[in-house]
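# Tertiary structure, described
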Amino acid sequence: MTEEISINKHLAEEEKYRLLNSQLKALLVKEDNLISNLSNFTAAIKDTFEKVSWVGFYLFDEEKLYLGPFQGKVACTSIDIGKGVCGTSAAKRETMIVPDVNKFPDHIACDSNSRSEIVIPLIQNDRFLGVLDLDSHDYNSFGKTDKEYLEEICKFLCEEIFPSDYQLKTI
């Protein structure tokens with residue numbers, strides 16, 4: 001199989017998501033290494049959407065979130081639950097859309113050029129695994145369409161790609 005995602009960047013956003021999600025479901029397979037799957041996932045998102053300046057995973061180790069596979073500038077390596085957008089999404093177990101990160105209390109600015117953000121929690125059988133985080137250098141970059149399609153593909157990741165006994169181990 002060719003490891004390639006092919007999406008016309010001139011399509012409407014919803015059509016890009018439909019094509020991306022179907023291609024990701026073909027590209028990502030449970031038998032592959034989880035880190036490899038998550039790495040390809042972030043590369044596909046970054047390559048598909050010009051508005052995305054950073055995309056990555058923060059994975060939960062039962063105490064805090066730790067940086068996982070990502071695309072973009074270097075990032076914070078750990079985030080406490082309840083802190084920043086990622087930690088708040090983790091604590092609430094809900095998707096958070098922040099149109100202006102400068103107005104979000106306790107925002108963690110890994111990239112000072114970040115202006116908006118969306119964070120989707122990763123939940124498998126009521127067990128919290130981590131979050132998917134997307135940033136943009138533009139205000140108001142994320143909305144209902146992003147939420148709908150990102151939640152759909154994150155559900156696929158949690159149900160079909162993450163091992164059922166997944167646990168992040170830190171050294």
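Everything here concerns the structure above.
Let us look at the structure shown here. Everything numeric here is computed off the predicted structure, so don't read it as measured data. (Residues numbered from 1 in each chain as written. Predicted model: local features only at pLDDT ≥ 70, side-chain atom pairs only at ≥ 80, totals over all residues. Heavy atoms only, no water.)

### Section: the pattern of salt bridges
Note the cut-off: Salt bridges are defined as contacts in which a side-chain nitrogen from Lys or Arg sits within 4 Å of a carboxyl oxygen from Asp or Glu. To qualify as a helix, a DSSP run of H or I must reach at least 4 residues; to qualify as a strand, a run of E must reach at least 2; elements of each kind are numbered from the N terminus. Partly exposed residues are those whose accessible area sits between 20% and 50% of the maximum for their type, while under 20% is buried and over 50% is exposed, using a 1.4 Å probe and protein chains only.
Scanning the entire structure with this criterion turns up 8 salt bridges. Taking the shortest distance from any N to any O, the salt bridge between E152 and K25 comes out at 3.3 Å. Placement of E152 in helix α4 (residues 144-161) and of K25 in helix α1 (residues 13-27) is noted, with a sequence separation of 127 residues between them. The class for E152 is partly exposed, based on a relative accessible area of 33%. For K25, a relative accessible area of 37% translates into the label partly exposed. Residue K147 pairs with E151 through a salt bridge whose shortest N-O separation is 3.0 Å. Residue K147 and its partner E151 are both found in helix α4; the two are separated by 4 residues, about one turn of the helix.

### Some remarks on the packing of aromatic side chains
Applicable threshold: Within 6.5 Å between ring centres, the rings of Phe, Tyr and Trp (the latter by its six-membered ring) count as paired, and their orientation is classed by plane angle as stacked under 30 degrees, edge-to-face over 60, tilted in between.
Counted under the stated rule, the structure contains 7 aromatic pairs. Ring plane angle 50 degrees and centroid distance 5.4 Å describe the contact between F41 and F57, whose orientation is recorded as tilted. Remark: F57 occurs in strand β1 (residues 54-60) and F41 occurs in helix α2 (residues 34-48); sequence separation between them is 16 residues. Judged by its relative accessible area of 0%, F41 is buried. Here the aromatic cluster, defined as three or more aromatic residues joined through ring pairs, consists of Y17, F49 and Y149.

### Re the pairing of strand β6 (residues 127-136)
Within a regular strand, side chains alternate between the sheet's two faces. As a reminder of what qualifies: Should DSSP find at least two bridges between two strands, the strands are taken to pair.
Extensive coverage of β6 is indicated by the burial of 9 of its 10 residues. Bridge analysis of β1 against β6 gives 6 bridges, and the strand direction is antiparallel. Directly across from V55, in β6, lies its bridge partner L134. When strand β5 (residues 116-124) meets β6, the two strands line up antiparallel, connected through 9 bridges. If you follow I118 over to β6, its bridge partner there is L134.

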